[in-house]
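# A structural walkthrough
Each chain, letter by letter, is given below.
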Amino acid sequence: MDREQQTAIVTGGGRGLGRQIALTLADWGRDIVIADLDPEEMNETEQMVRDRGQSALSVQMDLRDPEDVTRTVDEALDEFGSVDVLINNAGIAGPNLPCEEITVEEWDNTIAVNLRGAFLMTREVIPVMKDQEYGRIVNISSVTGKRPVSQRSPYAASKLGLVGFTRSVASEVGEYDINVNAVCPGSVEGERIERVFERYAKARGTDSEAVKRGEMDKSARCELVKPESVADAVAFLCSSQSDQMTGQDLNISAGKVMY
Ligand SMILES: NC(=O)c1ccc[n+]([C@@H]2O[C@H](COP(=O)([O-])OP(=O)(O)OC[C@H]3O[C@@H](n4cnc5c(N)ncnc54)[C@H](O)[C@@H]3O)[C@@H](O)[C@H]2O)c1
């Protein structure tokens, strides 16, 4: 099998990091299944993948719904005949509150999307990958959780939970040539992080440029992370150049976190 001729499912591929990952994997010759809640943004990514000469399929779904997850993998198999790569990228920020002010619903929803959603997708693709005797799964975690960030406890728990999940599943499926790794981005350039800076600035009575500068200064390279850097790391973990890497969590944080 030519391993560059593969199908990759990217959850949350409609925008942000997921879109960049979808486009980078398309540049590496993959056909792409975009699985996302938002139909409009998903269709834009689909067109961008096609513009790169690869096939693409959009599946509107909610990761919190096990039936949607099953349908997503079924539709991918119907269209392309295999699922070689799964990128568990979709995620939500969750509440920005002290632990004692977080509701059970807010906690459960954050875990349901970020951690349970990755479990549901992974559970669904493993039998397919075992039959193929090949698979690459990359979970998009975060350095938040490794490095304490106050008022983000459900997000941190979900993202560090993904690291444990990665290691555990990797040890179960390695003999089938299925690798499971995590990528942990730092603060990624883009609209989402600008909104976070504005929110923090308002709460601290300062301006968002000052917050951004402070954030950049936390990293060894004094910069934010480019979406392309994260996507390149993901593509590497799905390539034959990383065949003997599994169960790892790779920080792409410009040196903000080194463990
Ligand atoms: N942006 C950052 O600075 C940063 C840093 C570290 C980690 N991450 C992680 O990277 C991933 C992508 O982040 P982003 O910044 O691109 O986020 P984003 O909000 O721009 O995109 C997330 C995507 O996931 C989709 N999504 C959300 N809930 C869903 C659900 N229930 N079912 C299906 N799709 C759903 C959204 O529609 C959206 O397209 C997330 O897991 C995030 O935690 C981001």
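On a predicted model such as this, the values are computed, not experimentally measured, just so you know. (Residues numbered from 1 in each chain as written. Predicted model: local features only at pLDDT ≥ 70, side-chain atom pairs only at ≥ 80, totals over all residues. Heavy atoms only, no water.)

## What about helix α7 (residues 208-217)?
Here α7 has its buried residues at Val211, Lys212, Glu215 and Met216. Viewed end-on, α7 has its buried residues packed into an arc of 135°, placing them on one side of the element. Where α7 begins, the side chain of aspartate 207 points an oxygen toward the backbone nitrogen of glutamate 209, at a separation of 3.2 Å. (Buried < 20%, exposed > 50% of the residue type's maximum accessible area, 1.4 Å probe, protein only. Helix = DSSP H or I, 4+ residues; strand = E, 2+ residues; numbered from the N terminus. Arc of directions from axis to C-beta. Polar contact = N/O pair within 3.5 Å; in protein donor to acceptor, adjacent residues only side chain to side chain.)

## A few points about the domain arrangement of the protein
Frequently, the measure chosen for interface size is the accessible area removed from exposure when the parts meet. Here the protein is partitioned into domain 1 (7-188 + 226-252) and domain 2 (190-224). Taken together, the contact pairs nine residues of domain 1 with eight residues of domain 2. A combined buried area of about 710 Å² lies between domain 1 and domain 2, and 36% of that area is made up of carbon and sulfur atoms. Its largest share of buried area at the contact with domain 2, domain 1 owes to Asn96, Ser187 and Val188, together 56% of the area lost on that side. (Domains from an automatic or database assignment. Contact = heavy atoms within 4.5 Å. Buried area = accessible area lost by both parts, 1.4 Å probe.)

## As for the site of the ligand
In the vicinity of the ligand lie 25 residues, with Leu17, Asp36, Asn89, Tyr155 and Lys159 positioned nearest. In the model, an oxygen atom of the ligand is placed 3.2 Å from a nitrogen or oxygen of the arginine 192 side chain. For the ligand, whose free accessible area comes to 830 Å², the fraction covered by protein is 93%. Elements with a minimum of two residues in the shell around the ligand: α1 (16-27) and α5 (153-173). The residue inventory of the shell around the ligand, partitioned by class, reads eleven nonpolar, eight polar and six charged. (Near = heavy atom within 4 Å. Areas by Shrake-Rupley, 256 points an atom, 1.4 Å probe, with all protein chains shown as cover. Nonpolar A, V, L, I, M, F, W, Y, C, P; charged D, E, K, R; others polar.)

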